[in-house]
Amino acid sequence: FPSIVWLRNDLRLADNPAVQAAFASGAPPLFIYVLDDSGKARAPGGASRWWLHHSLAALAAGLERIGGRLDVLRGDPLQLIPALAAAFGAKHVMWTRRYDAAGIHMDTQIKSALTPRGIAAESFNGQLLYEPWTMKTKTGGPYRVFTPFWRACQALPPPAEPLRAPRRLAAVAWNKQAPARVALDDLALLPTKPDWAGGLCEEWTPGEAGAGKRLLDFLDDAFLHYADERDRPGRLSTSRLSPHLAFGEISPRQIWHAAQHAAAKSAAAAHNVDKFISEIGWREFSYHLLFHNPELAQKNFQTRFDEFPWRAATKDLKAWQQGKTGYPIVDAGLRELWKTGFMHNRVRMIAASFLIKHLMIDWREGERWFWDTLVDADPANNAASWQWVAGSGADAAPFFRVFNPILQGEKFDPEGEYIRRFVPELAKCPSDVIHKPWLAPAKVLQEANIKLGDTYPKPVVDHAKARERALAAFKRLKD
Ligand code: FAD
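Residues numbered from 1 in each chain as written. Predicted model: local features only at pLDDT ≥ 70, side-chain atom pairs only at ≥ 80, totals over all residues.

Trainee: Help me understand the overall build of the protein, please; the structure alone is not making it clear to me.
Mentor: Helix and strand counts for the protein come out as 20 helices and five strands. On C-alpha atoms alone, the protein measures out to a radius of gyration of 24 Å, which is about the 23 Å that the 2.2 N^0.38 rule sets for 479 residues. Counting only C-alpha atoms, the protein reaches 75 × 50 × 50 Å along its principal axes. The burial tally for the protein puts 45% of its 479 residues in the buried class. At a minimum sequence separation of 6, the contacts of the protein that also span at least 24 residues come to 77%. (Helix = DSSP H or I, 4+ residues; strand = E, 2+ residues; numbered from the N terminus. Rg over C-alpha atoms; globule rule 2.2 N^0.38 Å. Buried ≥ 20, exposed ≤ 12 C-beta atoms within 10 Å, placed from the backbone. Contact = placed C-beta atoms within 7 Å.)

In structure tokens form, the structure reads like this:
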């Protein structure tokens, strides 16, 4: 009788404790992916669906190379997993734990359905360095502030060495009594008309091998300047591992060990390792927050923000989504997102702040847009980061700290490399005015072929006035 490995956001074979446990059980493993269309969990956004298709294809190919197979089903896992176990006479079902409310609920229900039938249901931590419930403050509660949280994590023993991938598998014949499988294409995860995924295909290689290559390339190059350069959107200054982490094509433990090994070999790497690993720490912190606040994507962490007078400004929201606000750094970010499914972290902060504070649009609108368009859309990081920018989160940036999109652009993209890449209509704009083209002399604009309000929009709001409006609203909230 086979054991069942139910794969979800852990689409890898190496360092996957559920895969390892299936091997240890001695029974041949059956690898199952279920596209959950029960409506109980938050549906993946468009960019995530694109990634998922390619990641499943890569995993299926990887399994075939070692003699195994990936079987894909569609429906309600609560029906399908017990039905599969029954059809195959499986005695073990293994999976990697999830930490979002719907995922936890589903997994608990499936455990309750399997256990009375004598089927061992085992879940493992394959997604985080530390389980979110292990870190407790002195008073026994969850952390609300990153620095002491991360200090507590670092006081624990280092993460165990990553597990090896299986080398050889025996494929299990499909049982005719089992629920029907579907072909990957039948899941219809890819966009058709219009097919907007060209830029994503150019940028990314989903799958475990793509993740491993991305990590090695990063460690050889950008890692060596990470602490100084990570805020420069115009350069390839960060790892871009986030979508691979979101789909579990690589584990944080693999990244942790690879970074430490690199640091042991080179002084430049050693100089950067703590900063880089602390970013993985922010991911851990987001999961800690999500686990203890299941409605992180829906509800203000600080309830006083429930009364904030958000504007219902459909036109402004659209301008922001389309990268047509007239503020070049904001527009470049939103257009990078649309084209590649990614946005540099510094620009995510500027763009999010602009939506929330300059346009006074509810952070949840931005969270939803990112959920749909990011290839790394993640239930913990996305919600926690939006609340961080809004000032409504735990350990959040104070609301009164309003990012100035002009100064931020000038500081982090001084030559305008990033703007020129994603806002081609400003490509010829001189660097000293590229972050504020409306202040450029008419002659300069003419020479750069820019007609404000025609080839490139005028600012949708005036920075100083918008800042005052947001601060006044916040003051009323406090009063
Ligand atoms: P690197 O700098 O190379 O960092 C390595 C890893 O550390 C990342 O892959 C990521 O897993 C983690 N990390 C880095 N920065 C952060 C951070 N600020 N918070 C939490 N974890 C971090 N990240 C997501 O993975 N998914 C999201 O949906 C998401 N939404 C965001 C929304 C907003 C408004 C903001 C401001 C940030 C968001 N982030 C999100 C966090 C961050 O922007 C990305 O993780 C980062 O840009 C990914 O790029 P990288 O892999 O090159 O990061």
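Additional details are given in the paragraphs that follow.
Trainee: Quick question: what am I supposed to make of the packing of helix H13 (residues 328–340) against helix H17 (residues 405–412) here?
Mentor: The description of two packed helices rests on the angle between their axes and on the distance between the axes. Where H13 meets H17, the closest approach of the two axes is 8 Å, and the angle between their N-to-C directions is 70 degrees. Our classification of the angle between H13 and H17 gives roughly perpendicular. Contacts between H13 and H17 involve Pro328, Ile329 and Val330 from the first element and Pro405, Gln408 and Gly409 from the second. Grouping the constituent residues of the contact of H13 with H17 by class yields four nonpolar, two polar and no charged. (Axes fitted to C-alpha atoms, helices over the stretch in contact; angles between N-to-C directions. Parallel < 35°, antiparallel > 145°, perpendicular 65-115°, else oblique. Nonpolar A, V, L, I, M, F, W, Y, C, P; charged D, E, K, R; others polar.)

Trainee: Any chance you could explain unusual backbone geometry here in plain terms?
Mentor: A negative phi holds for most residues other than glycine; trans holds for most peptide bonds. Across the junction of lysine 193 and proline 194, the peptide omega takes the value 0 degrees, indicating a cis bond. Here proline 194 is to be found in the loop between helix H5 (146–154) and helix H6 (198–203). Positive phi is not limited to glycine here, since methionine 360 has a value of about 50 degrees. Position of methionine 360 among the secondary structure elements: in the loop between helix H14 (345–358) and helix H15 (363–373). Backbone geometry at asparagine 449 places phi at a positive 60 degrees, although glycine is not the residue there. By secondary structure assignment, the location of asparagine 449 is in the loop between helix H19 (442–447) and helix H20 (463–478). Assessed through the 13 C-beta atoms surrounding it within 10 Å, asparagine 449 is described here as partly exposed.

Trainee: Would you explain the site of the ligand in this entry?
Mentor: Taken together, 27 residues are adjacent to the ligand, and Thr238, Ser239, Asn345, Asn382 and Ser385 come closest. Looking at the shell around the ligand, the elements that each hand over two or more residues are helix H9 (242–246), helix H11 (267–292), H14 and helix H16 (379–390). Looking at the shell around the ligand residue by residue, the class counts come to 12 nonpolar, eight polar and seven charged. For the shell around the ligand, the domains that each give at least three residues are domain 2 (128–161 + 207–292) and domain 3 (303–478). (Near = placed C-beta within 6 Å. Domains from an automatic or database assignment.)

Trainee: Would you explain the environment of lysine 324 in this entry?
Mentor: Note that lysine 324 resides in the loop between helix H12 (314–321) and H13. Residue lysine 324 is classed as partly exposed on the basis of its 17 C-beta neighbours within 10 Å. In the structure, lysine 324 is positioned 11 residues away from arginine 335 in sequence and 9.0 Å away in space, judged by C-alpha atoms. When residues no more than four places from it in sequence are discounted, the contact partners of lysine 324 are Ala319, Asp331 and Pro457.

Trainee: Looking at this structure, I do not really get the sheet that holds strand E2 (residues 29–36). What am I missing?
Mentor: In sheet architecture, strand pairing relies on hydrogen bonds along the backbone and comes in two forms, parallel and antiparallel. Judged by pairing direction, the sheet is parallel, and its five strands sit side by side in the order E3-E2-E1-E4-E5 without closing on themselves. Edge positions in the open sheet fall to strand E3 (70–75) and strand E5 (120–124), since each of these has one partner strand only. Sheet twist, expressed as the mean angle between neighbouring strand axes with direction ignored, is 25 degrees. Two elements, strand E1 (residues 3–7) and E2, share five bridges in a ladder whose sense is parallel. By the bridge assignment, leucine 7 is partnered in E2 with tyrosine 33. (Pairing = 2+ DSSP bridges.)

Trainee: Looking at this model, I keep getting lost on helix H3 (residues 77–88). Mind explaining?
Mentor: Each α-helix winds once per 3.6 residues, and so residues spaced three or four apart point in a common direction. Over its 12 residues, H3 extends 16 Å from the first C-alpha to the last, a length consistent with the 16 Å expected when each residue adds 1.5 Å. Looking at H3, one finds that the buried residues are Pro77, Leu80, Ile81, Leu84, Ala85 and Phe88. For H3, the angular spread of the buried residues around the axis is 130 degrees, confining them to a single face. Residues of H3 that are buried sit in contact with E1, E2, E3, strand E4 (92–96) and helix H4 (101–114). (Expected span 1.5 Å × (residues − 1). Arc of directions from axis to C-beta.)

Trainee: Is there a simple way to explain the pairing of E3 in this structure?
Mentor: The two faces of a sheet get side chains in turn, since along a regular strand they alternate between them. Here E2 runs beside E3; their pairing, made up of six bridges, is parallel. Looking at the pairing, leucine 35 lines up with arginine 74 of E3. The β-α-β motif built from E2, the intervening helix H2 (residues 46–65) and the parallel element E3 has right-handed crossover chirality. (Right-handed = clockwise from strand over helix to strand, strands pointing away.)

Trainee: Please clarify how the confidence of the model for the protein should be interpreted in this entry.
Mentor: Predicted coordinates in areas of low pLDDT are best not read in detail. With 100% of its residues at a pLDDT of 70 or more, the protein shows a mean pLDDT of 96. Under the prediction, the complex receives an ipTM of 1.00, its pTM being 0.98. (pLDDT = per-residue confidence, 0-100.)

Trainee: Would you mind showing me how to read helix H7 (residues 208–220) here?
Mentor: Between the first and last C-alpha of H7 there are 19 Å, a value that for 13 residues agrees with the 18 Å anticipated at 1.5 Å per step. What H7 keeps buried is the set Glu208, Ala211, Leu215, Phe218 and Leu219. Take H7 and look down its axis: the buried residues cluster within an arc of 95 degrees, on one side only. Counted as exposed and oriented over 90 degrees from the buried face of H7: Leu216 and Asp220. Buried residues along H7 sit against H2, H9 and helix H10 (252–265).

Trainee: Explanation requested: the environment of alanine 188 in the structure shown.
Mentor: Within the fold, alanine 188 resides in the loop between H5 and H6. Given 12 C-beta atoms within 10 Å, alanine 188 falls into the exposed group. Residues alanine 188 and arginine 49 lie 139 residues apart in sequence; the distance between their C-alpha atoms is 8.8 Å.

Trainee: Looking at this structure, I do not really get the domain arrangement of the protein. What am I missing?
Mentor: How big an interface is tends to be expressed through the accessible area that disappears when the partners come together. Looking at the protein, the domain boundaries give domain 1 (3–126), domain 2 (128–161 + 207–292) and domain 3 (303–478). Put simply, the middle of domain 2 and the middle of domain 3, counted by C-alpha atoms, are 27 Å apart. Elements with a minimum of two residues in the side of domain 2 that touches domain 3: H9 and H11. By residue class, the composition of the side of domain 2 that touches domain 3 is eight nonpolar, four polar and five charged.

Trainee: Help me understand the nonpolar core in this model?
Mentor: Grouped burial of nonpolar side chains is what soluble globular proteins tend to show. Counting residues in hydrophobic clusters, the biggest one holds 126 residues, and the most contacted among them are Ile4, Val5, Ile32, Ala85, Val93 and Ala351. Sort the elements by how many residues they give to this core and H11 lands first, with eight residues. Residue contacts for isoleucine 4: discarding those within four places in its chain leaves Leu30, Ile32, Leu84, Ala85, Ala90 and Val93. (Core = buried A, V, L, I, M, F, W, Y, C linked by C-beta atoms within 7 Å.)

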